[in-house]
Amino acid sequence: MRQRLLSEGAKELAYEIREIVKKAVKIQALGIPIIWENIGDPIQKHSQVPLWMKEIVASLAMDNNTYSYCPSKGEVETRKFLAKLNNERNGVKISAEDILFFNGTGDAISKLYQFLKHNSRVIGPSPAYSTHSSAEAAHANADPLTYKLDPNNHWYPDLDDLYLKVKYNPNIVGILIINPDNPTGMVYPYETLKRIVEIAKEFNLFLVSDEIYLNITYNGAKAYSLSEVIDDVPGIAIKGISKELPWPGSRCGWMEYLNRDKDPEFARLCSAMDNAKMLEVCSTKLPQLAIPKILSDSRYMPYRLEENQKIGRRSKVIASILGGLPQLNFNETYGAFYNTMIFKDGILKRSQKLKIENPEAKKLVEDWTSGNDIALDRQFVYYLLASKGICVVPISSFCSDLQGFRVTLLEENEELLVKTFTTIREAIEEYVAS
Ligand SMILES: Cc1ncc(COP(=O)(O)O)c(C=O)c1O
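Residues numbered from 1 in each chain as written. Predicted model: local features only at pLDDT ≥ 70, side-chain atom pairs only at ≥ 80, totals over all residues. Heavy atoms only, no water.

What's the story with the overall build of the protein chain in this structure? I'm lost.
Helix and strand content of the protein chain: 14 helices and 14 strands. The principal-axis extent of the C-alpha atoms belonging to the protein chain is close to 60 × 55 × 55 Å. Counting all 434 residues of the protein chain, 56% fall into the buried class. By sequence separation, contacts in the protein chain at least 24 residues apart represent 73% of the contacts at least 6 residues apart. (Helix = DSSP H or I, 4+ residues; strand = E, 2+ residues; numbered from the N terminus. Buried < 20%, exposed > 50% of the residue type's maximum accessible area, 1.4 Å probe, protein only. Contact = heavy atoms within 4.5 Å.)

This is the structure in structure tokens:
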């Protein structure tokens with residue numbers, strides 16, 4: 001090419017959660033069946049969308065109006081409905097004008113960082129959900145900036161770490177919260193959120209709260225929306241329907257701007273995103289039409305509560321199998337549908353292995369793990385994949401120095417759930433003893 005095509009930041013755009021799939025597909029092609037514990041797609045894990053929801057979507061699909069463009073910011077009636085939902089909470093109020101629809105939350109995330117100045121940084125949690133950390137790092141052409149979530153304290157944020165990083169880096173303009181969190185399943189306590197708001201106030205920052213799992217809590221937990229804690233600090237809540245309905249294939253998510261009028265720089269950022277969507281025309285229309293019909297249906301709440309209880313039960317089952325393992329630092333989860341467990345210091349070693357029956361799979365894993373630079377948790381994950389046919393994601397690929405792996409809480413079949421996690425426990429014991 002006449003000139004280099006890619007910006008420096010483009011190398012940050014690896015999406016490890018899907019990278020592991022490429023490896024798993026190679027193992028699968030050798031005849032080893034795979035249990036997919038790597039991706040948060042309830043439908044792929046056999047969750048059945050209720051018939052009444054499908055009927056709502058089907059009737060919209062029969063209406064000719066569904067096939068046109070919609071207003072750039074999104075269907076007005078849907079935005080009014082969502083503004084009302086937010087305003088029923090005890091906090092900052094918004095109007096339909098404060099809502100902007102995207103083609104999925106992932107689209108919202110990449111647009112958010114794209115319009116910030118290169119050296120204006122948003123600090124986010126580590127372990128990091130890579131859609132945020134990679135998009136933010138790519139915009140800044142630098143490594144992601146993170147504050148620690150502490151596995152020794154329920155995965156709650158290390159607020160001193162956050163405070164000091166914000167204080168000594170004047171380029172930080174925003175703080176990201178993912179609440180409930182992917183990949184840890186942690187729900188931010190109210191006091192923690194309040195302290196983060198205080199830090200934002202002290203240093204004149206804006207807040208971003210990814211709330212795609214806001215209504216997926218269980219075992220006694222409640223997640224607070226940013227609007228309930230933010231006072232007069234500017235902020236953006238990011239929401240979607242991929243996980244909640246669940247309808248990940250809808251590619252539908254939205255932003256709610258909070259306190260847009262409180263800061264002119266922040267207001268300009270919101271307008272830039274509104275204008276960019278105008279250039280694109282609009283986002284997916286059919287799911288926007290479905291949202292008020294589904295969420296206001298009297299069957300919706302009982303459905304969501306039952307699903308949450310099922311996730312909560314699975315969380316307990318996994319805790320009963322893996323919680324007592326001396327090799328692991330294990331935390332119970334209270335929101336979203338993932339758990340991240342960490343190997344205690346010194347447990348993982350380069351020489352460890354699992355027996356792999358299939359000679360070609362064995363050769364592949366030996367090739368993948370031959371370099372000395374591969375993270376130790378990744379090595380464990382490759383052996384687990386080829387030896388037991390279970391695909392999980394190494395935590396070192398979530399911008400973390402910790403060694404561990406993420407699983408999902410989505411397996412609908414309880415017998416398979418127990419079998420999978422018992423196999424993981426046995427694999428850890430065998431691997432560590434090898
Ligand atoms: C925290 C978080 N935000 C955003 C997304 C992306 O969701 P969407 O399907 O709306 O793009 C995910 C998907 O796993 C997620 O875990």
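Explanation requested: the pairing of strand 8 (residues 235–240) in the structure shown.
Here is the key point about a regular strand: its side chains alternate between the two faces of the sheet. Along strand 8, 6 of the 6 residues are buried, which leaves the element largely enclosed by surrounding structure. Taking every second residue as pointing to the same face, both faces of strand 8 are buried, with Gly235, Ala237 and Lys239 on one and Ile236, Ile238 and Gly240 on the other. As paired elements, strand 7 (residues 206–210) and strand 8 share 4 bridges and run parallel to each other. Opposite Leu207, over in strand 8, you have Gly235 as the bridge partner. One ladder, built from 6 bridges, connects strand 8 with strand 9 (residues 253–258); its direction is antiparallel. Bridge pairing in strand 9 links Ala237 to Glu256. (Pairing = 2+ DSSP bridges.)

Hey, could you run me through the site of the ligand in this one?
The full set close to the ligand counts 14 residues, and Thr105, Asp210, Tyr213, Ser242 and Arg251 are the nearest of them. The contact in question runs from an oxygen atom of the ligand to an N or O atom on the backbone of Gly106, over 2.8 Å. Between the ligand and Arg251, the relevant distance is 2.7 Å, taken from an oxygen atom to a side-chain nitrogen or oxygen of the residue. Considering the ligand on its own, with 400 Å² of exposed area, one finds that the protein chains cover 92% of that surface. Here the shell around the ligand takes 3 residues from helix 4 (residues 105–114), the largest share from any one element. (Near = heavy atom within 4 Å. Polar contact = N/O pair within 3.5 Å; in protein donor to acceptor, adjacent residues only side chain to side chain. Areas by Shrake-Rupley, 256 points an atom, 1.4 Å probe, with all protein chains shown as cover.)

Is there a simple way to think about the environment of Ala96 in this case?
Positionally, Ala96 belongs in the loop between helix 3 (76–87) and strand 2 (99–102). Since its relative accessible area comes to 15%, Ala96 is described here as buried. On a C-alpha basis, the gap between Ala96 and Glu77 in space is 8.3 Å, while along the polypeptide they are 19 residues apart. The residues touching Ala96, leaving out its near neighbours within four places in the chain, are Arg79, Lys80 and Ala83.

Mind showing me how you'd approach the sheet that holds strand 7 here?
Neighbouring strands of a sheet are bound in pairs by backbone hydrogen bonds; such pairs are parallel or else antiparallel. Read across the open sheet, the 8 strands follow the order 2-9-8-7-6-3-4-5; overall the sheet is mixed. The two strands at the open ends of the sheet, each matched to only one other strand, are strand 2 and strand 5 (156–157). As paired strands, strand 6 (residues 172–178) and strand 7 are joined by 5 bridges and run parallel to one another. Looking at strand 7, one finds that Leu176 is bridged to Val208. On top of the sheet, helix 4 reaches strand 2, strand 3 (121–126), strand 6, strand 7, strand 8 and strand 9; it is set at about 155° to strand 8, its chief contact. (Axes fitted to C-alpha atoms, helices over the stretch in contact; angles between N-to-C directions.)

Explain the pattern of salt bridges here, please?
Under the criterion given, the structure shown has 32 salt bridges. Here Glu211 makes a salt bridge to Lys239, at a shortest N to O gap of 4.0 Å. Here Glu211 is found in the loop between strand 7 and helix 8 (226–229), whereas its partner Lys239 is found in strand 8, with 28 residues between them in sequence. Side by side, Glu211 and Lys239 carry an identical accessibility label, which is buried. (Salt bridge = Lys/Arg side-chain N within 4 Å of Asp/Glu carboxyl O.)

Please explain helix 10 (residues 286–295) as it appears in this structure.
Because an α-helix packs 3.6 residues into every turn, residues spaced three or four apart end up facing the same way. Most of helix 10 sits out of view: 7 of its 10 residues are buried. Among all positions in helix 10, only Pro287, Gln288, Leu289, Ala290, Ile291, Pro292 and Ile294 are buried. On its buried face, helix 10 sits against helix 2 (51–61), helix 3, strand 2, strand 9 and helix 11 (300–322).

So what exactly am I meant to see when it comes to the packing of aromatic side chains here?
Aromatic ring pairs are described here by two measures, namely the spacing of the ring centres and the angle between the planes. Under the criterion given, the structure shown has 14 aromatic pairs. Plain terms: the ring middles of Tyr300 and Tyr303 are 6.2 Å apart, the flat faces sit at 50° to each other, and that makes the pair tilted. Of this pair, Tyr300 and Tyr303 both sit in helix 11, separated by 3 residues, roughly a single helical turn. For Tyr300, a relative accessible area of 3% puts it in the buried group. Judged by its relative accessible area of 9%, Tyr303 is buried. One aromatic cluster is present, formed by Phe343, Phe380, Tyr383, Phe405 and Tyr431 through successive ring pairs. Over the ring of Trp368 we find Lys23, and its NZ or CZ is 5.2 Å from the ring centre. The ring of Tyr224 has Lys222 sitting right over it, with the charged end atom 4.6 Å from the ring centre. (Phe/Tyr/Trp six-rings, centres within 6.5 Å; stacked < 30°, edge-to-face > 60°. Lys NZ or Arg CZ within 6 Å of the ring centre and 35° of its normal.)

Explain the sheet that holds strand 14 (residues 404–408) to me, please; I cannot follow it from the model alone.
Strand order across the open sheet formed by 4 strands is 10-11-14-13, with antiparallel pairing between neighbours. In this open sheet, the two strands that pair with only one neighbour each are strand 10 (328–329) and strand 13 (393–394). Where strand 13 meets strand 14, 2 bridges bridge the pair, whose relative direction is antiparallel. Its bridge partner being in strand 14, Val393 is matched across the sheet by Arg406. Where helix 14 (residues 414–433) meets the sheet, it contacts strand 10, strand 11 (338–343) and strand 14, and its direction lies at approximately 170° from that of strand 14.

I keep staring at the pairing of strand 3 and nothing clicks. Help me out?
Of all 6 residues in strand 3, 6 are buried, a share of seventy percent or more. Inspection of the sheet shows strand 3 paired to strand 6 by 3 bridges, in the parallel sense. The residue of strand 6 that forms the bridge with Arg121 is Ile172. Alignment of strand 3 against strand 4 (residues 146–150), held across 3 bridges, turns out to be parallel. Bridged to Pro125 within strand 4 is Tyr147.

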